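# A look at the structure
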Amino acid sequence: MVHLTDAEKALVSGLWGKVDVDEIGGESLSSLLVVYPWTQRFFEHFGDLSSASAVMNNAQVKAHGKKVIHSFADGLKHLDNLKGTFSSLSELHCDKLHVDPENFRLLGNMIIIALSHHLGKEFTPCAQAAFQKVVAGVANALAHKYH
Amino acid sequence: MVLSAKDKTNISEAWGKIGGHAGEYGAEALERMFFVYPTTKTYFPHFDVSHGSAQVKGHGKKVADALTNAVGHLDDLPGALSALSDLHAHKLRVDPVNFKLLSHCLLVTLANHHPADFTPAVHASLDKFFASVSTVLTSKYR
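Cut-offs applied
- Residues numbered from 1 in each chain as written.
- Chains lettered and ligands numbered in written order.
- Predicted model: local features only at pLDDT ≥ 70, side-chain atom pairs only at ≥ 80, totals over all residues.
- Heavy atoms only, no water.
- Helix = DSSP H or I, 4+ residues; strand = E, 2+ residues; numbered from the N terminus.
- Expected span 1.5 Å × (residues − 1).
- Buried < 20%, exposed > 50% of the residue type's maximum accessible area, 1.4 Å probe, protein only.
- Arc of directions from axis to C-beta.
- Contact = heavy atoms within 4.5 Å.
- Polar contact = N/O pair within 3.5 Å; in protein donor to acceptor, adjacent residues only side chain to side chain.
- Axes fitted to C-alpha atoms, helices over the stretch in contact; angles between N-to-C directions.
- Parallel < 35°, antiparallel > 145°, perpendicular 65-115°, else oblique.
- Left-handed = near helix turned anticlockwise from the far one by under 90°.
- Nonpolar A, V, L, I, M, F, W, Y, C, P; charged D, E, K, R; others polar.

The next subject is helix α1 (residues 5-18) of chain B. For an α-helix, the turn length of 3.6 residues means that residues three or four places apart are oriented alike. All names here are of chain B. For α1, spanning 14 residues, the distance from its first C-alpha to its last is 20 Å, which sits close to the expected 20 Å at 1.5 Å a residue. Taken residue by residue, α1 has D7, N10, I11, A14, W15 and I18 as its buried positions. All buried residues of α1 fall inside an arc of 120° around its axis, so they share one side. Facing away from the buried side of α1 by over 90 degrees, the exposed positions are A5, K6 and G16. Looking at the packing, one finds that the buried side of α1 touches α2 (22-36), α3 (54-71), α6 (97-113) and α7 (120-138). Backbone geometry just downstream of α1 places G19 in the positive-phi region, at approximately 55°.

Below you can see the structure in the form of structure tokens.
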């Protein structure tokens, strides 16, 4: 469970409302694949990931980024029960997808960087701290059912 | 991080004392790692990781043999581990955090079986050795 102050909750929902969520999703996932190329191991079926521009323009990456960010957005509505919200996704990522939870931490930081990139000045240290709590909570929730 | 002459002596001597048990210790370290850090199993969905598994035994020996080779080339770890470095970078792509987990389990295993020889100085040298091997294995990741 993440503990955000009322001020932090307001910051998170306020700033989230200002961004193009789909773009954040695409950018975060693309960045993950470019900055940490070993994460491409899960996406060999996505076609051309051979260069940064290939990744950033890849339609499947964008589509998947959208899927992931919408799921993340769902978490933002249930900050008091992230483990419950992500329970079946956690099982899926362990049992079927075999994704090392370290990847959730890496992606969480890519989301933070994408937000910073888009929000500029408004993404203050306070805002970052609040979002860092959220991405850590989501990553832990997604790792919770691993066995 | 640089391995001093003393580190190299400690590492060679410690590994020498392991003798023919290296494969067994490699398997034990893997078993410990899979149990204590279940997320590491995500890299081995095709393995039976239960106690006594032949696959874990085989893989433990593989890991131990690579470490034995590394011990024989402490002056040129990048050279000795070059092929393994390529493999991990381009094919296996194990997230770098996991190397610390296996290194820790290797230390736990060695301390467990050789308590008298596992002095703080030897522990430190071995920790540096495993860290150096891990660095080489992840050096071509990007």
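Right, let's get into the environment of A:E27. All names here are of chain A. Within the secondary structure layout, E27 lies in helix α2 (residues 21-35). Residues E27 and I113, spaced 86 residues apart in sequence, show a C-alpha to C-alpha distance of 9.4 Å. Once residues within four sequence positions are removed from consideration, E27 is found in contact with A114, H117 and H118. A distance of 2.7 Å separates polar atoms of two side chains, one belonging to E27 and the other to H118.

Turning our eyes to something else, we now look at the packing of α1(B) against α3(B). All names here are of chain B. Following both chains from N to C, one finds α1 and α3 inclined at 140°, their axes separated by 10 Å at the closest point. Our classification of the angle between α1 and α3 gives oblique. Once α1 is placed against α3, the crossing between them reads as left-handed. Residues I11, S12 and W15 of α1 lie in contact with α3, whose contacting residues are A64, L67, T68 and V71. A breakdown of the residues in the contact of α1 with α3 according to their chemical character gives five nonpolar, two polar and no charged.

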